[in-house]
Each structure stands twice: as structure tokens, then as C-alpha cells.
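Geometric and topological summary
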Amino acid sequence: MKNPKRLVALDVFRGLTIALMIIVNNPGSWKHVYTPLGHSPWHGCTPTDLVFPFFLFIMGSAMWYSFKKYGSVLTKQVIAKIVRRIVIIFLIGISISIYASFSLDFSHLRIMGVMNRIALAYGVASFIVLGLSYTNLRLATAIILLGYWAILAIFGGDDPFSLEGNFVGKFDAFVLGANHLRKFKGAIFDQTGLLATLPSVANVLLGYIAGRWIDLSENKLSAVKKLMIFGIAGIILGRIWDVAFPINKPLWTSSYVVYSSGLAMLLLGILLWVIDIREYKNWIAPFRVFGMNPLFLYVFAEFLSNTLKHIKIPLSASGEIISLKGWLFSNWFQPMAGDYGGSLLFSLLFCSLCWGIGWILYRKRIFIKI
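Throughout what follows, the structure given in this document is the object of discussion. (Residues numbered from 1 in each chain as written. Predicted model: local features only at pLDDT ≥ 70, side-chain atom pairs only at ≥ 80, totals over all residues. Heavy atoms only, no water.)

1. Details of the pattern of salt bridges
Convention followed: Salt bridge, as applied in this entry: a Lys or Arg side-chain nitrogen positioned within 4 Å of an Asp or Glu carboxyl oxygen. Secondary structure is summarised from DSSP: a helix means a run of H or I of at least four residues, a strand means a run of E of at least two, and numbering begins at the N terminus for each. Whether a residue is buried, partly exposed or exposed follows from its accessible area with a 1.4 Å probe, protein chains only, as a fraction of its type maximum: under 20%, in between, or over 50%, in that order.
All told, the structure shown has 5 salt bridges when counted by the stated rule. Two residues, Asp276 and Lys220, come together in a salt bridge whose shortest N-O distance is 3.6 Å. Pair noted here: Asp276 is in helix H9 (residues 254-277) and Lys220 is in helix H8 (residues 220-241), with a separation of 56 residues, a long-range link. The exposure class of Asp276 is buried, given its relative accessible area of 12%.

2. Details of the packing of helix H2 (residues 51-68) against H9
Here is the rule we go by: Lines fitted to C-alpha atoms define the axes here, with helix axes fitted over just the stretch in contact, and angles between the N-to-C directions of these axes take values from 0 to 180 degrees. The sense of a crossing depends on the near helix, which, turned anticlockwise from the far helix by less than a right angle, makes the crossing left-handed and, turned clockwise, makes it right-handed. Residues count as neighbours in contact if any of their non-hydrogen atoms are within 4.5 Å of one another. Gly counts as polar in this scheme, as do all residues outside two lists: the nonpolar Ala, Val, Leu, Ile, Met, Phe, Trp, Tyr, Cys and Pro, and the charged Asp, Glu, Lys and Arg.
Two elements in contact, H2 and H9, have axes whose closest approach is 9 Å; the angle formed by their N-to-C orientations is 65°. Of the two elements, H2 crosses H9, and the hand of that crossing is right-handed. In this structure, H2 contributes Pro53, Phe54, Phe57 and Ser61 to the contact, and H9 contributes Tyr256, Ser260, Ser261, Leu263, Ala264, Met265, Leu267 and Leu268. Residues of the contact of H2 with H9, tallied by class, amount to 9 nonpolar, 3 polar and no charged.

3. Remarks on a nonpolar patch on the surface
Put simply, the test is: For patches, a residue must show more than 30% relative accessible area and have no salt bridge; joins then use 9 Å for like charges and 5 Å for nonpolar side chains, namely Val, Leu, Ile, Met, Phe, Trp and Tyr. All accessibility values rest on the Shrake-Rupley procedure with a 1.4 Å probe; residue burial counts only the protein chains present in the view.
Residues Leu74, Ile79, Val83, Val87, Leu91 and Phe127 make up a contiguous nonpolar surface patch of roughly 460 Å² in combined accessible area. Ranked by residue count, the leading element in the nonpolar patch is helix H3 (residues 76-101), at 4 residues.

4. Regarding the environment of Thr192
Applied cut-off: The definition of a polar contact used here is a pair of N or O atoms within 3.5 Å, where within protein one atom must be able to donate a hydrogen and the other to accept one, and adjacent residues in sequence count solely through side-chain atom pairs.
Considering the arrangement of structural elements, one finds Thr192 in the loop between strand E2 (187-188) and helix H7 (197-216). A relative accessible area of 6% means that Thr192 is categorised as buried. Spatially, the C-alpha atom of Thr192 lies 30 Å from that of Val73, the residues being 119 residues apart in sequence. Discounting residues that sit within four places of it in the chain, Thr192 has contacts with Phe52, Arg110, Met112, Gly113, Val114 and Arg117. Engagement of the side chain of Thr192 in a polar contact is seen with the side chain of Arg110, the distance being 2.7 Å.

5. Some details on the nonpolar core
Basically, it comes down to this: Here, nonpolar core refers to any group of buried Ala, Val, Leu, Ile, Met, Phe, Trp, Tyr and Cys residues whose side-chain atoms link them within 4.5 Å.
Grouped together as the largest cluster of nonpolar side chains are 104 residues, with contacts concentrated most on Met115 and Ile118. Here this core gets 13 residues from one element, more than from any other, and that element is H9. Residues contacting Met115, with those up to four places away along its chain left out, are Ile89, Ile92, Gly93, Ile96, Leu295, Tyr298 and Val299.

6. Focus: H3
Rules: One less than the residue count of a helix, multiplied by 1.5 Å, gives the span that helix is expected to have.
The first and last C-alpha atoms of H3 sit 38 Å apart over 26 residues, in line with the 38 Å expected at 1.5 Å per residue. Downstream of H3 by a residue or two, Phe102 has a phi angle that is positive, lying close to 55°.

7. Looking at empty space enclosed by the protein
Selection rule: Think of a 1 Å grid over just the protein atoms. A cavity is a set of points where a 1.4 Å probe fits yet cannot get out, a pocket is an open set with protein on both sides within 12 Å along at least five of seven lines, and lining residues have an atom within 4 Å of a point. Grid points are joined across faces, edges and corners, and a volume is the space filled by probe spheres set on the points.
Tallying each qualifying case throughout the model produces 1 cavity of 30 Å³ or more. Of the voids in this model, the largest cavity is the one considered here, and its volume is about 70 Å³. Forming the boundary of the largest cavity are Ile23, Val24, Pro27, His32, Val33, Tyr34, Leu37, Tyr340, Ser343, Leu344 and Ser347. Among the secondary structure elements, those contributing two or more residues to the lining of the largest cavity are helix H1 (8-25) and helix H12 (324-363). Of the residues belonging to the lining of the largest cavity, the class tally is 8 nonpolar, 3 polar and no charged.

8. Side note on the layout of surface pockets
Estimated volume of the largest pocket: approximately 1,200 Å³. For the largest pocket, the lining is made up of 48 residues, of which Asn25, Arg110, Val114, Arg182 and Glu302 are closest to its centre. Elements that contribute at least two residues to the lining of the largest pocket include exactly H1, H2, H3, helix H4 (114-131), strand E1 (183-184) and helix H11 (294-310). Looking at the lining of the largest pocket residue by residue, the classes come out as 20 nonpolar, 19 polar and 9 charged. Size it by volume and the second largest pocket reaches roughly 910 Å³. Around the second largest pocket, the lining is made up of 30 residues, and of these Arg6, Ala62, Ser66, Arg85 and Lys369 lie nearest the centre. Tallying contributions element by element places H2 first for the lining of the second largest pocket, with 8 residues. Looking at the lining of the second largest pocket residue by residue, the classes come out as 17 nonpolar, 4 polar and 9 charged.

Structural data, given as C-alpha cells:
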């Protein structure tokens, strides 16, 4: 079957998301982060809280075009492809955890993480979209969101959506073991844990639905209108649902899924109109660099960031030993631009370095599929 034409707006959206993901994950100092570049303390949603769900949504949209090449049906070839990708992405996530801890003490190895959630969300969503009709796909999305709400409400404590009373941390500790979870504000709670991966599947499914709309619409303008209408509806519905089921990234609540997916639809609609309809493309090249090798550049950034933390430099005056990252921030960036400005400058230059690697790959037409 002939490969479908690439949707440039989707590549740019992916590139924007990966660039922002690298920036917010790598400040010069976590003590000096501008509010929009930090996560919400618990309930609520900052621009940074939208980065990960946007990536999952984009992955779902791209999934429509990817599976279209195979007739959008489950075959042995497609199943093998899906399983292989799940395993590779999950193992990359494990390798990031091992390198981050710089230890082979597997008794305390973090099992989940960003890449691990991507692997599982991709896998579950793949089998849903290929195994169900379009009507049942939409029904499955609703069941996931409503079912997750019921799970947290029924099995949680007196305050089921609090850090102390939520069921997510308890479930993950029981299934994975407390030693394999991160601590969050003193509680055993991994922000990219196992149970909260379930509603993240809905982000992928909603992205898949959006990709289907775009591809099957009579024209791109009608697709833009549909994305705008449903995007605004998702934002409103998410805000209304927030009253009963708070928008919360660590818990990955269903209201958060609807709200973030609504914003993703809205932004994708805008980009589709600007890039693919109006053809304003002079500004998109830097983001296509990130968008064509997204997972590779994210993984590269993670290993580079941990390397800067693992390299230690002794301070001759006090005898203290700090990381190379800490030394660069305190000796170069902080004096140059102050606490917050220096922290942001560090993250921007870090992102630029990752972009440089991506640009070399882009120029050589090397696109690493993970």
C-alpha cells in the first residue's frame, strides 16, 4: 500500500512538544524555575503539565497514519511490530532508570517512567484501535475514563484524590513494590506509575480519533473546524469535570485527560490551518528537526542530563564535591543571568545542544525509529 503523505502540522506539533519537554526537564537549578515551566504542586495544570499528554495525543494521531499502511487490521506482522516496539521502548525506559541511579542494585530499581508509560500506553491503544470498530473505540475511551474515575473514588480513602488518600500509590506499591517507586513530597508515589497509565491510554485514543478526522475529512478546512469545535468542547468538559474529579497530572485524572486532549486538538487545528492550509512554513524548520527524531532526542537528552549529574567536580575552597551541572550553573549561568534567568538559559542551551544532534541526523536523512 502506498505510504500516506506526511502531515507537516503533526511533525511540527511533535517537535514543539519534544523541545518543551527537554527544556522543562533540564533547568539549571530545580530551586529556580519560573512558574509556567514547573509542574502544578498537586491539583491544577500548568503549561508544563501539558507536555506529556500532548506527546501521547500526537503519538495517537500518528498511529492512524502508521497503521493505515497495514490496512488498519491486526495481522501477525502488525502484532509482532507492536510487541517489538513495546519491549524496546520499555527496556529503554529501564536503562534510563539504571543510568539515573548509577547503580546495579535492582532491588530499588525504578520500574516505571516516561518511556515505560509511553510503551504501555502505545501497546494497549494499538490493540484497541486495531481490534475494535470506530464506534466501539469511542465507547472504550469513555469506559476507560469513567472506569478510572470509579476506581479512584471507590478504592481511595476519605480524601480519594489527595496525595495521602489516593489509590494509585497503593496499587503501584502492591503490584510493583514500594522499593521500585519514587517518593513524591515524602509519600511513596511515582508520578509516572502503573495504574495511572490506564487513563493515559485515552490520550492516545483521542489522538488517534483526531488523526482519523483529519485524514477522512472532505478537506483540511473542515478538519480544522472539527478539531476546533471538539477541542473547545474538551476544554470546557474538562473544567466542568474538574469540580468532581480534579484536574491532576500526578494522578492523571480523567478530567485532566479530557482537558489536555481538548487543548491538543485546538493547537493541532491551529497548526493545521497555519501550516497545511495557509502554508506559513518559514518558521517550522527547527521544530521539524525535533519532530522527525522525537524519542531518540528525548532519550539522548535524558542520558546527557544524567551524565552531567554523575560527573563530579571538587571545589578547592570548601572541599565540597558538586555535579558538573551544578558547577556550570553556579559558575557560568547564574553569574551571567541570575538565579531564574540563569536556570532558564541553561535549559535553553541544553535544548539547543540536543537540537544540534537532531539537525545533523536531519541533514543526513537519518530518522531513528524506536
